[in-house]
Amino acid sequence: MYIGLDIGTTTLSAVVLDTESGGLLAQHTTPNAAGMFPGPGRAELDVEQLYRLTIDCLAGIVAKAHIDPESVR
């Protein structure tokens with residue numbers, strides 16, 4: 001199994017693909033709340049919060065797909 005992860009400006013999205021069939025097993029999306037806007041025309045990311053959101057998104061996709069994390073390549 002493979003997990004694909006897309007870290008976008010508004011969401012983090014993950015998919016699980018079956019290596020045997022190439023089919024999509026599950027998808028999961030988490031809102032990206034790591035953005036900070038400290039002033040006009042400025043945007044930054046809180047990297048620690050982005051890390052936590054990434055872990056949450058990956059945990060969510062593993063749970064949703066009902067897979068053993070050890071089976072992911």
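Heads up: the structure comes first, above all this text.
Attention here is on the structure that accompanies the text. In this convention, every chain numbers its residues from 1, walking through the sequence in written order. Given that the model is predicted, a residue must reach a pLDDT of at least 70 before its local features are reported, and side-chain atom pairs must reach 80 or more before they are shown or counted; all residues, however, enter totals for whole chains, interfaces and linings. Each side-chain value is worked out from all heavy atoms of the structure, with water and hydrogens disregarded.

Core analysis: the largest hydrophobic core is formed by twelve residues, namely Leu12, Ala14, Val16, Ala26, Ala34, Leu50, Leu53, Cys57, Ile61, Val62, Ala65 and Ile67. A per-element tally of this core places helix 1 (residues 47–65) first, with six residues. We call a set of buried residues a nonpolar core when its members are Ala, Val, Leu, Ile, Met, Phe, Trp, Tyr or Cys and they connect through side-chain atoms within 4.5 Å of each other. Exposure is judged per residue with a 1.4 Å probe applied to protein chains only, and the accessible area is read against the type maximum: over 50% gives exposed, under 20% gives buried, and values in between give partly exposed. Counting from the N terminus, the helices are the DSSP runs of H or I reaching at least four residues and the strands are the DSSP runs of E reaching at least two.

The next subject is the pattern of salt bridges. Salt bridges are counted wherever a side-chain nitrogen of Lys or Arg sits within 4 Å of a carboxyl oxygen of Asp or Glu. Tallying each qualifying case throughout the model produces one salt bridge. The salt bridge partner of Glu44 is Arg42, with a shortest N-O separation of 2.7 Å.

Two strands are counted as paired when DSSP detects at least two bridges linking them. Two elements, strand 1 (residues 2–7) and strand 2 (residues 11–17), share six bridges in a ladder whose sense is antiparallel. Bridge pairing in strand 2 links Tyr2 to Leu17.

Before going further, it helps to examine helix 1. Helical geometry note: an α-helix holds 3.6 residues per turn, so side chains three or four residues apart project in the same direction. The terminal C-alpha atoms of helix 1 lie 27 Å apart, and with 19 residues this matches the ideal 27 Å at 1.5 Å per residue to within 8%. Inspection of helix 1 places Leu50, Leu53, Thr54, Cys57, Gly60, Ile61, Val62 and Ala65 among the buried residues, and these make up the whole buried set. The contact criterion used throughout is that any non-hydrogen atoms of two residues lie within 4.5 Å. Packed against the buried residues of helix 1 are strand 1, strand 2, strand 3 (24–31) and strand 5 (44–45). Where helix 1 begins, the capping side chain belongs to Asp46, and its oxygen is found 3.2 Å from the backbone nitrogen of Glu48. In the stretch just after helix 1, His66 is the one whose phi turns positive, near 55°. Working rule for helices: expected span equals 1.5 Å times residues minus one. N or O atoms closer than or at 3.5 Å make up a polar contact, with two conditions inside protein: a donor-capable atom paired with an acceptor-capable one, and, for residues adjacent in sequence, both atoms drawn from side chains.

The next thing to look at is the side chain of Asn32. On the secondary structure map, Asn32 appears in the loop between strand 3 and strand 4 (35–36). At a separation of 3.0 Å, a polar atom in the side chain of Asn32 contacts the main-chain amide nitrogen of Ala34. Among all residues touching Asn32, those that are not within four sequence positions of it are Ile7, Gly8, Thr9, Thr10, Thr11, Leu12, Leu50 and Leu53.

A few words on a nonpolar patch on the surface. Patch rule: a residue counts if its relative accessible area is over 30% and it has no salt bridge; like charges are joined within 9 Å, and nonpolar side chains (Val, Leu, Ile, Met, Phe, Trp, Tyr) within 5 Å. For every accessible area listed, the method is Shrake-Rupley and the probe measures 1.4 Å; residues are considered covered only by the protein chains on display. On the surface, Tyr2, Leu17 and Leu24 cluster together into a nonpolar patch covering about 270 Å² of accessible area. Checked against the element boundaries, Leu24 lands in strand 3.

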